[in-house]
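# Per-entry structural report
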Amino acid sequence: GDSVTQMEGPVTLSEEAFLTINCTYTATGYPSLFWYVQYPGEGLQLLLKATKADDKGSNKGFEATYRKETTSFHLEKGSVQVSDSAVYFCALTNQAGTALIFGKGTTLSVSS
Amino acid sequence: DTGVSQNPRHKITKRGQNVTFRCDPISEHNRLYWYRQTLGQGPEFLTYFQNEAQLEKSRLLSDRFSAERPKGSFSTLEIQRTEQGDSAMYLCASRNTGMNTEAFFGQGTRLTVV
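Residues numbered from 1 in each chain as written. Chains lettered and ligands numbered in written order. Predicted model: local features only at pLDDT ≥ 70, side-chain atom pairs only at ≥ 80, totals over all residues. Heavy atoms only, no water.

For chain B, the count of helices and strands is zero helices and eleven strands. Of the regular secondary structure in chain B, the N- to C-terminal order runs β-β-β-β-β-β-β-β-β-β-β. A compact globule built from 114 residues would reach a C-alpha radius of gyration of about 13 Å, and chain B, at 13 Å, matches this within 12%. With the principal axes as the frame, chain B shows a C-alpha extent of 40 × 25 × 25 Å. Counting all 114 residues of chain B, 46% fall into the buried class. Expressed as a percentage of contacts within chain B between residues at least 6 apart in sequence, the contacts between residues at least 24 apart total 52%. With an accessible surface of roughly 5900 Å², chain B has 45% of that area assigned to carbon and sulfur atoms. (Helix = DSSP H or I, 4+ residues; strand = E, 2+ residues; numbered from the N terminus. Rg over C-alpha atoms; globule rule 2.2 N^0.38 Å. Buried < 20%, exposed > 50% of the residue type's maximum accessible area, 1.4 Å probe, protein only. Contact = heavy atoms within 4.5 Å. Areas by Shrake-Rupley, 256 points an atom, 1.4 Å probe, with all protein chains shown as cover.)

What follows concerns the interface of chain A and chain B. In this complex, chain A contributes 20 residues to the contact, which on the side of chain B involves 21 residues. Per-residue buried area on chain A facing chain B is highest for L44, T98 and K104 of chain A; these three make up 29% of the total on that side. Summed over the shared surface of chain A and chain B, the result is zero salt bridges. Counting across the interface, chain A meets chain B through three residue pairs in polar contact (both at pLDDT 80 or more). Mapped by element, the contributors of at least two residues to the side of chain A that touches chain B are strand 5 (33-38), strand 6 (45-50), strand 10 (86-93) and strand 11 (100-102) of chain A. (Buried area = accessible area lost by both parts, 1.4 Å probe. Salt bridge = Lys/Arg side-chain N within 4 Å of Asp/Glu carboxyl O. Polar contact = N/O pair within 3.5 Å; in protein donor to acceptor, adjacent residues only side chain to side chain.)

Next up on the list: the pattern of salt bridges. Pairing is possible between side chains that carry opposite charge, provided their charged atoms lie close to one another. Residues and elements named next belong to chain A. This structure, assessed with the given rule, holds six salt bridges over all chains. Note that K52 is salt-bridged to D55, the shortest N-O span being 3.3 Å. Where E63 meets K56, a salt bridge forms, and the shortest distance between an N and an O atom there is 3.6 Å. Residue class for E63 comes out partly exposed when judged on its relative accessible area of 34%.

All names here are of chain B. On the basis of which strands lie adjacent, the open sheet formed by four strands has the order 1-3-8-7 and antiparallel pairing. The open sheet terminates on both sides in strands that have one partner only, identified here as strand 1 (5-7) and strand 7 (65-68). Strand-to-strand twist across the sheet, computed as the mean angle between neighbouring axes with direction ignored, equals 15°. Where strand 1 and strand 3 (residues 19-24) come together, three bridges link them in antiparallel fashion. The residue bridging S5 from the neighbouring strand is D24, located in strand 3. (Pairing = 2+ DSSP bridges. Axes fitted to C-alpha atoms, helices over the stretch in contact; angles between N-to-C directions.)

It is worth spelling out empty space enclosed by the protein at this point. Inspection of every chain in the model, using the stated rule, returns one cavity of 30 Å³ or more. What the largest cavity holds in volume is close to 50 Å³. Along the walls of the largest cavity sit F34, Y36, T98, A99 and L100 of chain A together with Y33, Y35, R95, T101, E102 and A103 of chain B, which together make up its complete lining. Of all the secondary structure elements, the ones that give two or more residues to the lining of the largest cavity are strand 5 of chain A together with strand 4 (31-37) of chain B. Partitioning the lining of the largest cavity into residue classes produces seven nonpolar, two polar and two charged. (1 Å grid on protein atoms, 1.4 Å probe; cavity = no way out; pocket = protein on both sides within 12 Å on 5 of 7 lines; lining within 4 Å. Points joined across faces, edges and corners; volume = space filled by probe spheres on them. Nonpolar A, V, L, I, M, F, W, Y, C, P; charged D, E, K, R; others polar.)

Taken residue by residue, a regular strand's side chains alternate between the two faces of the sheet. All names here are of chain B. Of the two faces of strand 7, the one holding F65 and A67 is buried and the one holding S66 and E68 is not buried anywhere. Inspection of the sheet shows strand 7 paired to strand 8 (residues 75-79) by four bridges, in the antiparallel sense. By the bridge assignment for strand 8, S66 is matched with E78. Counted between consecutive antiparallel strands, the loop separating strand 7 from strand 8 contains six residues, among which K71 sits at a positive phi close to 60°.

Set out below in structure tokens:
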């Protein structure tokens, strides 16, 4: 079945460092891809999305490009801030397009 | 605040008891989802409603679980004869119809079965 694999965390960085969180997927057809973020004590929030191959989603300095050839959707940010500390989830729509399938999440901790 | 609201936020129950959670979605959203999240894992899909119709159920949803969405508004998730393995965060999300519309999540109900 469809699935998402994320890099294991936690990821610990200093402020202004470059961030990459790897995400690869297995899916039938052409799913939409998402990154969700969960800040401490809050619900999941959509960070960015891409709906077709080669699309780039971006928001708040984060970017991810839908790479069909490598079945990947890696999350990047050029300069992280302490406020980016959170758990990041990669997700895709299931084959029917009705629900999201999530990865296990990657915890990011940024120190000043 | 017109986001997705879940109640209660926390529930501690004894094994074997029944529990019910409530989700109030964003009012104009016709799709409503329930997910379960255990420690160190991503949310796992349980079920979803289009208006009042329950259209899909995961095999994770055993016969001890039942969900309703009367009149296509709020939804309830009931777990009967709770087991320790039911301890988890139960998340509700809502969205409008369409492949790429954003799903908005509530803060979840944390269930602890002792």
